[in-house]
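Observations on the model geometry
Single-letter residue listing:
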Amino acid sequence: MYIPTALSYDDVLLVPQKSEVKSRQDVDTSTQLTRNISLKIPIVSANMDTVTESAMAIAMAQEGGIGIVHRFCDITKQVSEIKRVKRKQNIIITHPFIISSTATLADFKNKSEELNCSAFLVSDDNTALLGLITRRDVVFCSNDQTLVRDIMTPREKLIVAPVNIPMEEAKKILKDNKIEKLPLVDANFQIKGLITEKDIMRNSSNTQASKDNLGRLLVGAAIGVRGDYLARAVTLTEAGADILVLDIAHGHSTNALEAIKIIKRLLPHMELIGGNIATAQGALDLIEAGVDGVKVGIGPGSICTTRLTTGFGVPQLSAVLNVAPVCKKYGVPLIADGGIRQSADLVKALAAGADTVMMGGQLSGTEESPGPTINYQGRQCKISRGMASLTAALSRPDAKEKHHQITPEGIEARVPYRGPVKNILARYLGGLRSGMSYGNAQTIKDLRNCQFIRITKAGLKESEAHDNEVL
Ligand code: XMP
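Residues numbered from 1 in each chain as written. Predicted model: local features only at pLDDT ≥ 70, side-chain atom pairs only at ≥ 80, totals over all residues. Heavy atoms only, no water.

1. Notes on the packing of helix H8 (residues 229–239) against helix H9 (residues 254–266)
Taken N-terminus to C-terminus, the directions of H8 and H9 make an angle of 35°; their axes are 11 Å apart at the nearest point. Relative to H9, the crossing made by H8 is right-handed. Across the interface between the two elements, Tyr-229, Leu-230 and Val-234 from H8 touch Ala-259, Ile-262, Ile-263 and Leu-266 from H9. Residue classes in the contact of H8 with H9 are distributed as seven nonpolar, no polar and no charged. (Axes fitted to C-alpha atoms, helices over the stretch in contact; angles between N-to-C directions. Helix = DSSP H or I, 4+ residues; strand = E, 2+ residues; numbered from the N terminus. Left-handed = near helix turned anticlockwise from the far one by under 90°. Contact = heavy atoms within 4.5 Å. Nonpolar A, V, L, I, M, F, W, Y, C, P; charged D, E, K, R; others polar.)

2. Thoughts on the UniProt feature "binding site: K(+)" (unreviewed entry) in the protein chain
Following the UniProt record, the feature "binding site: K(+)" (unreviewed entry) maps to Gly-299, Gly-301 and Cys-304 here. As for its placement among the helices and strands, Gly-299 is situated in the loop between strand E15 (293–296) and helix H11 (306–310). Residue classification places Gly-299 among the buried positions, given a relative accessible area of 16%. Not counting residues up to four positions away in its chain, the partners in contact with Gly-299 are Cys-304, Thr-306 and Arg-307. Among the secondary structure elements, Cys-304 is positioned in the loop between E15 and H11. Cys-304 has contacts with Gly-299, Glu-409 and Gly-410, leaving out every residue within four places of it along the chain. (UniProt positions renumbered as here; feature names shortened; annotations may be inferred. Buried < 20%, exposed > 50% of the residue type's maximum accessible area, 1.4 Å probe, protein only.)

3. Examining the domain arrangement of the protein chain
By a frequent convention, interface size equals the accessible area lost on bringing the separate parts together. Once the domains are mapped, the protein chain shows domain 1 (9–89 + 208–457) and domain 2 (98–205). Distance between the C-alpha centres of domain 1 and domain 2: 38 Å. Contact residues are listed per partner, giving five residues for domain 1 and four residues for domain 2. For the pair domain 1 and domain 2, the summed buried area comes to about 420 Å², and 29% of that belongs to carbon and sulfur atoms. (Domains from an automatic or database assignment. Buried area = accessible area lost by both parts, 1.4 Å probe.)

4. What about the pairing of strand E19 (residues 379–385)?
As a general feature of sheets, a regular strand has side chains that alternate between the two faces. Bridge analysis of strand E18 (residues 374–376) against E19 gives three bridges, and the strand direction is antiparallel. Across the sheet, the residue bridging to Tyr-376 is Arg-379, located in E19. Counting the residues between successive antiparallel strands, the hairpin from E18 to E19 contains two residues, one of them, Gln-377, with a positive phi of roughly 50°. Across five bridges, E19 lies against strand E20 (residues 412–416) in antiparallel orientation. In the strand pairing of E20, Arg-385 is matched with Glu-412. (Pairing = 2+ DSSP bridges.)

5. Focus on the sheet that holds E18
Sheet architecture is open: three strands sit in the order E18-E19-E20, paired in antiparallel fashion. In this open sheet, the two strands that pair with only one neighbour each are E18 and E20. Across the sheet, the axes of successive neighbouring strands diverge by a mean angle of 55°, strand direction being ignored.

6. Quick notes on the environment of Gly-311
Structurally, Gly-311 is set in the loop between H11 and helix H12 (316–330). Classification of Gly-311 as exposed rests on a relative accessible area of 64%. Along the sequence, Gly-311 and Gly-299 sit 12 residues apart, while their C-alpha atoms lie 9.9 Å from each other.

7. Some details on the site of the ligand
The ligand sits among 21 residues. The nearest are Ser-302, Cys-304, Thr-306, Asp-337 and Glu-409. At 2.7 Å from an oxygen atom of the ligand is found a main-chain nitrogen or oxygen belonging to Gly-360. Note that an oxygen atom of the ligand is positioned 2.7 Å from one of the backbone N or O atoms of Ala-388. Residues belonging to the shell around the ligand are distributed by class as follows: eight nonpolar, 11 polar and two charged. (Near = heavy atom within 4 Å. Polar contact = N/O pair within 3.5 Å; in protein donor to acceptor, adjacent residues only side chain to side chain.)

8. Comments concerning the pattern of salt bridges
Using the criterion set out here, one finds 18 salt bridges in the structure. Note that Arg-341 and Asp-10 form a salt bridge whose closest N and O atoms lie 3.0 Å from each other. A residue pair is termed long-range when its members are at least 10 positions apart, and Arg-341 in the loop between strand E16 (334–337) and helix H13 (343–351) and Asp-10 in the segment before strand E1 (12–14) qualify at 331 residues. On the basis of relative accessibility, which here comes to 26%, the residue Asp-10 falls in the partly exposed class. With its nearest N and O atoms 2.6 Å apart, the salt bridge here joins Asp-176 to Lys-172. Taken as a pair, Asp-176 and Lys-172 lie in helix H6 (residues 167–176) at a separation of four residues, close to a single helical turn. One connected set of salt bridges, linked through shared partners, spans Lys-86, Asp-212, Arg-216 and Asp-242. (Salt bridge = Lys/Arg side-chain N within 4 Å of Asp/Glu carboxyl O.)

9. What about the UniProt feature "binding site: NAD(+)" (unreviewed entry) in the protein chain?
The positions UniProt marks with the feature "binding site: NAD(+)" (unreviewed entry) are Asp-247, Ile-248, Ala-249, Gly-297, Ile-298 and Gly-299. Spanning 53 residues, the named residues nonetheless gather at one spot, since no C-alpha pair among them exceeds 13.9 Å. Structurally, Ile-248 can be placed in the loop between strand E13 (243–246) and H9. Here Ile-248 falls in the buried class, since its relative accessible area comes to 17%. Every residue in contact with Ile-248, bar those within four places of it in the chain, is listed here: Val-225, Ser-253, Ala-256, Gly-275 and Asn-276. For Ala-249, a relative accessible area of 61% corresponds to the exposed category. Once residues lying within four places of it in the same chain are set aside, the contact partners of Ala-249 are Asn-276 and Ile-298.

Written out as structure tokens, the structure is:
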């Protein structure tokens, strides 16, 4: 039997090219995530419950990447995480938060804290505008039983605008009247939206962010292929998710292919990423089933033990190299998922044909990952766990198996606390920009013209810091 060799990131290096890149700051790191969604940086945070909920997804999108909210919770929780991201930054809030005129000040305070929102439109039927209440209105009110209607600014005193008001005009109204909120209504005072000064400022100051056409941050949501997956797909789409990501360990399976066809029939305009696969045939089958992006990676992840448990997997560089020609032929972007430990791996993945990389472990130690920071032997740490690890399997609401019936394909791990995700991304981006200059690459696609060479153990040893005591 002929047994081919397969390679991983550490087995290769890229050969430096004569470079016409004048400044590393000039290179273009933008890329396609799916057929119809582009990003300014090629990094996606993994749909793991120790990596991506709303805080991570917000930070990723603000830096030009994107986060995929995990599915290891009930639909309501996943939807609320998606909504938090979509509400973080708007040009127009299409469904503003509303409070009843008969609610009390105590209700306002509770709701304010729960939704992390300092102002509410007032309406008794959720449609007709009665007034506006903000934190400023309640500063001097000490009786928690006071009714909203007695402290709100009533509609007669409010400045409002029609829903189709041009943005420049809305900005002028906010500025001239020194107000922070501009409710949008129709001729009958029916609520149609809200424009806030804060959102306008945020939007104009961050041109790097990944945004939809309403100025809201982009976010993806993971779904499975069984149980409530269709209900999830529909509800998440309605909640504003921009992409659905099929989260299944063996994506080259009839279960996955069937699910893709069903989802695409039901939600033809929704971007759908399929995976995970590690072969050209796997990619072809996903693309024929209708996906808009292909996720590659069987077992390279920092917390994965699939290869040890099952004997299956393909070293990640070879997996990307094998799949890339198919993705290129059909114009479907490739996401290299797992095994990224340093910026060189990102550069190698892109040079091998990936359009983006998905990262879990490296982001799990950041401020924005879910879960607390713990102190272990004087060092700050966070937890990273495989979604097929023992504790993850046991903590699922629908877990039927008992401890001894579960065969884990992942582990739980402690990872060092790494501070804000922004800092990690800056390091990766710095490495990528520098790598692009070594490779004479103005764009990520140009990196694909670079040549790989295989290296030996001696070459790897030489690549690392050596013959000194690393401080
Ligand atoms: P990194 O290396 O970035 O990889 O931490 C993240 C990716 O690992 C995958 N993943 C798993 N794979 N068992 C596996 O074999 C698991 O329990 C598991 N959990 C996550 C997933 O593709 C993720 O994006």
